[in-house]
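The chain contents come next:
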Amino acid sequence: MSNEHETIEQSRDIMISAIAQSMVIYGVTPSVGRIYGVLYFSSEPLTLDEIKDQVAMSKASVSNGMRELLETDMVTKVWMKGDRKDHYVAEKDYLRNFITFFIKKIRQERNLIMKATEQVEPTLEAIVEETSDDQVKEEANKDLALIKNSYNYFDWTMRFANAMESGEIFNYLPKQQENKGDIT
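This one's a predicted model, so the numbers in the text were calculated from it and none came from an experiment.

**Student:** Explanation requested: the overall build of the protein in the structure shown.
**Tutor:** Tallying secondary structure elements over the protein gives seven helices and two strands in all. Helices and strands in the protein line up, N terminus first, as α-α-α-α-β-β-α-α-α. In terms of C-alpha radius of gyration, the protein reaches 23 Å, well past the compact-globule figure of 16 Å for 184 residues. Along the three orthogonal principal directions, the C-alpha set of the protein runs to about 85 × 40 × 30 Å. By the burial criterion, 28% of the 184 residues in the protein qualify as buried. Taking contacts inside the protein between residues at least 6 apart in sequence as the whole, the part at least 24 apart equals 53%.

**Student:** Could you clarify how one ought to interpret the nonpolar core in this entry?
**Tutor:** The nonpolar side chains of a soluble globular protein tend to be buried with one another. Membership of the largest hydrophobic core comes to 22 residues, with the highest contact counts inside it found for Ile35, Tyr36, Leu39, Ile51, Met66 and Leu69. If you list the elements that add at least two residues to this core, you get helix 1 (3–24), helix 2 (30–41), helix 3 (48–55), helix 4 (59–71) and strand 2 (87–90). It is helix 2 that contributes the most residues to this core, five residues altogether. Beyond its immediate chain neighbours, meaning those up to four positions away, Ile51 contacts Ile35, Leu39, Leu46, Val62, Met66 and Tyr88.

**Student:** Can you help me understand unusual backbone geometry in this one?
**Tutor:** Only a minority of non-glycine residues have a phi that is not negative, and only a minority of peptide bonds are not trans. In this model, Ala56 sits at a positive phi of 55°, which is unusual for a non-glycine residue. Its location among the elements puts Ala56 in the loop between helix 3 and helix 4. Backbone geometry places Asp73, a non-glycine residue, at a positive phi of 60°. Counting through the fold element by element, Asp73 comes out in the loop between helix 4 and strand 1 (75–78).

**Student:** Is there a simple way to explain the side chain of Thr117 in this structure?
**Tutor:** Mapped onto the elements, Thr117 comes out in helix 5 (residues 94–130). Every residue in contact with Thr117, bar those within four places of it in the chain, is listed here: Pro122, Ile147 and Tyr151.

**Student:** Would you take a moment to explain helix 6 (residues 134–166) for this structure?
**Tutor:** Note: α-helices contain 3.6 residues per turn, so residues at a spacing of three or four share the same orientation. In this model helix 6 runs 48 Å from its N-terminal to its C-terminal C-alpha over 33 residues, within 8% of the 48 Å that 1.5 Å per residue would give. What helix 6 keeps buried is the set Ala140, Leu144, Ile147, Ser150, Phe154, Thr157, Met158, Ala161, Ala163 and Met164. At its buried positions, helix 6 is contacted by helix 5 and helix 7 (169–172). Between a side-chain oxygen at the N-terminus of helix 6 and the backbone nitrogen of Gln135 the separation is 2.9 Å; the capping residue is Asp133.

**Student:** Would you mind showing me how to read the environment of Thr47 here?
**Tutor:** As for its placement among the helices and strands, Thr47 is situated in the loop between helix 2 and helix 3. Residue Thr47 is classed as buried on the basis of its relative accessible area of 7%. It is 5.9 Å that separates the C-alpha atoms of Thr47 and Asp86, two residues lying 39 residues apart in sequence. Ignoring any residue separated from it by four or fewer positions in sequence, one finds Thr47 in contact with Lys85, Asp86 and His87.

**Student:** What is the right way to look at the environment of Leu95 in this model?
**Tutor:** Structurally, Leu95 can be placed in helix 5. Owing to a relative accessible area of 34%, Leu95 belongs among the partly exposed residues under this scheme. Each C-alpha atom, one on Leu95 and one on Lys175, is 8.9 Å from the other, the two residues being 80 residues apart in sequence. Residue contacts for Leu95: discarding those within four places in its chain leaves Phe170 and Lys175.

Rules used throughout
Residues numbered from 1 in each chain as written. Predicted model: local features only at pLDDT ≥ 70, side-chain atom pairs only at ≥ 80, totals over all residues. Heavy atoms only, no water. Helix = DSSP H or I, 4+ residues; strand = E, 2+ residues; numbered from the N terminus. Rg over C-alpha atoms; globule rule 2.2 N^0.38 Å. Buried < 20%, exposed > 50% of the residue type's maximum accessible area, 1.4 Å probe, protein only. Contact = heavy atoms within 4.5 Å. Core = buried A, V, L, I, M, F, W, Y, C linked by side-chain atoms within 4.5 Å. Expected span 1.5 Å × (residues − 1). Polar contact = N/O pair within 3.5 Å; in protein donor to acceptor, adjacent residues only side chain to side chain.

Bear in mind that shape data such as this cannot, by itself, settle questions of function.
Next comes the structure, spelled out in structure tokens:
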């Protein structure tokens, strides 16, 4: 292997490490980040075994990580003629990855809170209607007000997620048209 090729491999390793570390910010484990990084820099689709060898993880761990990446559309399974094994490629558009991931998290947050709200709100409303204890009534009303105030937040975040998903957000914050090699 030539010195230049080794330098390219070292540079890729540095970038893959940075990708893995940056994905931790979004709640993704470094090992899943490494899997994505390996696929990101691969010029051709890879099998689980090929990925396993490059990231030095068990096949089961790679398979679990791959499932997580597939769920967020950061990786796609592709068919290769003449090979029965699954092959994978990375989505190389960081902006698309971010939007897809962020929308999923916004919707998960909303679903969790709304499910709790559906369970709690009727109970608090019943307490307000039925109690004769003014202090209990006041506490229940305060909690109901907090819950109702959260609806504005969830309305805004859903409109934000929908604007990202539809591309409407780019009317207000356009994508950079050319890749000038700048990260700014």
